[in-house]
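One letter stands for each residue in the lines below.
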Amino acid sequence: MTGLEMDDLLRGFGREQKELTQILHQVQAEYGYIPPQAIRRVAEHLNTTENEVYGVLTFYKAFRLQPRGKHLVTVCQGTSCHVRGGARVFDEMKKELGVEPGETTPDRMFSLETVNCLGCCAIGPTVVVNGTYYSQVSVEDVHSIIAEYRKRK
Amino acid sequence: MLTHPSQLTVWKARILEERPVPKKTVVVSNGTCGRASGSLGIIEALGRELDRRGLRETVGLEITGCHGFCELEPNIVINPEGIYYGRLKPEDIPTVIEKTILKNRVVNPLVYADPRTGHRYALQKDIPFYRKQMRLLTEDNLRIDPNRIEDYILADGYQALAKALFDMTAEEVIREVDSAGLRGRGGAGFPTGKKWQFCRNEGADRRYIICNADEGNPGTYMDRSILAANPHSVIEGMIIGAYAIGAAEGYVYVRMEAPQAVQQVTIARDQARKLGLLGKSILGSEFHFDIQIVEGAGAFVCGEETSLMSSIEGRRAVSRQRPPFPAQSGLWGYPTNINNVETWANVPLIIKRGAEWYSQIGTPKSKGTKIFSLVGKIRHAGQVEVPMGIRLREIIYDIGGGIKDGKKFKAVQTGGPAGGFLPAEFLDLAIDYDNLVQAGSTMGSGGMIVMDETTCMVDLARHYMHFTQEESCGKCVPCRVGTRQMHDILVRITRGEGEEEDLARLEDLGDSIRVASLCGLGQSAPNPVLSTLRHFRKEYVEHIKHKKCPARVCKELVSLPSQGARPAHRKAKKRQHD
């Protein structure tokens, strides 16, 4: 991240506090996470404190302070997925990857995240890898889904 | 640019004239479930096959939002007949084109067969899932490509706006909505007309309106479907509301986990701006109004109106004391009116067809239709729109086809993490706001999650408590600490470490949290626990006294891994979705 890139990014936004979350969305879209240096630049742009920016970004689930792994695995924790066996799929995924939600595997291949509901409740349990949806996932499917991405490296 | 209301009619006539009338049109359901099940592959196959046979000019291809029958995605409807094919694979497409499009014959193996009777239904309108619905808001989903405002215009879109702006005063619009009996579809069921009037009555030089599209209840997906399938209906409703209330600025606050909704409502907003349906002098009138779209950042509490407003202001989404209510002091301290997506979508309908017509649908105190996400252990999972007052049994058995895999109905959960459970004795309950509250649940925004005998109610109560304690904004102690305490007790019980006193502790904590919490999230958080304690106390006792999980879900309490939560014969399907 360079100062110039951030300047470019911030140029598209006003200087009122209401821009803050939208700026953070943009920073994350650009870098995959919120780099620490970005916090200071955003605070300066909005004429607010780093503390305020940090407070807002840690409040919301969407923002990450660590870069994520190459593949992002998201397991739906919605109620419909849950009653259709989603909890066991989630346990199996944690076992398969060897990490807890919010963590990244040591080889930086996979990050595991949960989501409260993806809104395709009729076809759950649902797992999403890098934006690809897998529906009606069973415990047995978990290994083959991940294996496919391990192969890709 | 439209500068006079009559231009809407002229434009509609021109679209009709210029648009080719194909002999057949294939309509593809391409909502979130559709894409996750492979609708993009179907669209690709259709395009390929139509090209190969040189049929592009004579056969229409319409890509729409969700048709509601999510269980059978990906599915298509072939018009004008309305022939319905579900669970399609790309390899089925050549046959569909060959037989149905060219030879006018139905492809029997692709026709929907009722799993209970084996009866086959070739036409979409005859399928029991659709027949008992009343699709006032969702029927247009089958005709509208959300990328094309022309489709909405053909469905008489923005006619209600023209009527409101030019034939009605602001007060008359409010009166119409009020006498229609429309109540807030976000869950609380407050009369919409009254809410608008409160906001209008506030003397201020600026007022705001907000569309709450932060649909966060797990297992609930109507609002994002409306926004993704028919975004202009919501925008039109908002413009009419802004005119009635006297607001010049509006916000759509939409959940980031619904990327399709964000995308479609943004496209629709930009189209409306370009045509002069948003901005200065709308349709040539003296009314100015514009809409900003704000994407949420993954905080459930933003569904609560005061938190949502904090979030739009770019701050931590913590709730605040009411009163003052948003109508008095909302966004940046100005009077603000917040309604849910489905509420806004009802407004054009009421203005177009009149309060008298609208108020004939439903029960004495709950008017119109309600969209539910009918999910869980139900045979025909999907999105259903039904008139208020319909019996629960009709929704679950006639529309939903009953319970999956021959299991027994145990309960249905309505109202999400704020709601409650209705066991079998409530199957004949007529569904409306007041009856649901009386039965110990709530309408909520329309989640309906069906459970069978393999669902453990204690585990489910723990699931909901886990959710709310994680999503508590942390401002007030009862919610922040109390929900955590309840959650920890439930975890103990599901591990077989519960004590007999735990049930009293849960009830006691639940009562305190309900009374003492600052906002709706905390006030309703104990409901799923209290409701399961009321209807399924025996199950709790089994877990505590006999260290048994009757549904065989709690893994510490069963020796063998529980089976049967999911049909084993269907494999996971990998689908591209972008």
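Per chain, residues are indexed from 1 in the order of the written sequence. Working convention: letters from A go to chains and numbers from 1 go to ligands, in the order in which they are written. The predicted nature of this model means local features are confined to residues of pLDDT at least 70 and side-chain atom pairs, given and counted, to a pLDDT of 80 or more, with totals for whole chains, interfaces and linings taken over all residues. Side-chain calculation: all heavy atoms of the structure are included, whereas hydrogens and water are not.

Student: Would you mind going over the side chain of Asn230(B) with me for this structure?
Tutor: The secondary structure listing takes helices from DSSP runs of H or I that are at least 4 residues long and strands from runs of E that are at least 2 residues long, numbered from the N terminus. Considering the arrangement of structural elements, one finds Asn230(B) in the loop between helix H10 (222-229) and helix H11 (231-245). We call two residues contacting when some pair of their heavy atoms lies within 4.5 Å. Among residues more than four places away in sequence, those in contact with Asn230(B) are Leu137(B), Asp140(B), Asn141(B), Ile144(B), Tyr152(B) and Ser225(B).

Student: Teacher, can you tell me more about empty space enclosed by the protein here?
Tutor: Summary: where empty space remains is shown by rolling a probe the size of a single water molecule over the atoms. Residues and elements named next belong to chain B. Any residue with an atom within 4 Å of a point lines the site, the site being either a cavity, points on a 1 Å grid over the protein atoms alone where a 1.4 Å probe fits but cannot get out, or a pocket, an open set with protein on both sides within 12 Å along at least 5 of 7 lines. Grid points are joined across faces, edges and corners, and a volume is the space filled by probe spheres set on the points. What the rule picks out here adds up to three cavities of 30 Å³ or more. Taken as a whole, the largest cavity spans an internal volume of roughly 150 Å³. Looking at the lining of the largest cavity, the element that brings in the most residues is H10, giving four residues. For this classification, Asp, Glu, Lys and Arg are treated as charged, while Ala, Val, Leu, Ile, Met, Phe, Trp, Tyr, Cys and Pro are nonpolar and the rest, including Gly, are polar. Here the residues of the lining of the largest cavity sort into 10 nonpolar, seven polar and two charged.

Student: Just checking my understanding: could you explain the sheet that holds strand E9 (residues 290-295) of chain B for this structure?
Tutor: Hydrogen bonds between backbone groups are what pair the strands of a sheet, and the pairing can be parallel or antiparallel. Residues and elements named next belong to chain B. Across the sheet, four strands lie side by side as E9-E8-E7-E10; this open sheet has parallel pairing. Edge positions in the open sheet fall to E9 and strand E10 (336-340), since each of these has one partner strand only. Taken pair by pair, the neighbouring strands of this sheet meet at an average axis angle of 20 degrees, ignoring direction. The rule for pairing is simple: two strands pair if DSSP sees at least two bridges between them. With six bridges connecting them, strand E7 (residues 208-213) and strand E8 (residues 249-254) associate as parallel partners. Paired with Ile 210 across the bridge in E8 is Tyr 251. Here an axis means a line fitted to C-alpha atoms, over the contact stretch when the element is a helix, while the angle between two N-to-C directions is reported on a 0 to 180 degree scale.

Student: Hey, could you run me through the interface of chain A and chain B in this one?
Tutor: Frequently, the measure chosen for interface size is the accessible area removed from exposure when the parts meet. Tallying the contact residues gives 44 residues for chain A and 64 residues for chain B. Buried area: the accessible surface (1.4 Å probe) lost by two parts on joining, summed over both. For the pair chain A and chain B, the two sides together bury roughly 4300 Å², of which 54% comes from carbon and sulfur. Of all residues in chain A, Phe59(A), Thr79(A) and Tyr133(A) bury the most surface against chain B, accounting for 16% of the area lost on that side. The working definition used for a salt bridge is a side-chain nitrogen of Lys or Arg within 4 Å of a carboxyl oxygen of Asp or Glu. Taken together, chain A and chain B are joined by three salt bridges. The partner of Asp91(A) in a salt bridge is Lys555(B), and the shortest N-O contact between them spans 2.6 Å. Pairing of N or O atoms within 3.5 Å defines a polar contact, subject to two protein rules: one partner must be a possible hydrogen donor and the other a possible acceptor, and residues neighboring in sequence count only if both atoms are side-chain atoms. In this structure, the connection of chain A to chain B is made through 23 residue pairs in polar contact (both at pLDDT 80 or more). Among the secondary structure elements, those contributing two or more residues to the side of chain A that touches chain B are helix H2 (20-31), helix H4 (50-59), helix H5 (79-97), strand E4 (132-135) and helix H6 (139-152) of chain A. Broken down by element, the side of chain A that touches chain B gets its largest block of residues, eight residues, from H5(A). Tallied by class, the residues present in the side of chain A that touches chain B amount to 17 nonpolar, 19 polar and eight charged.

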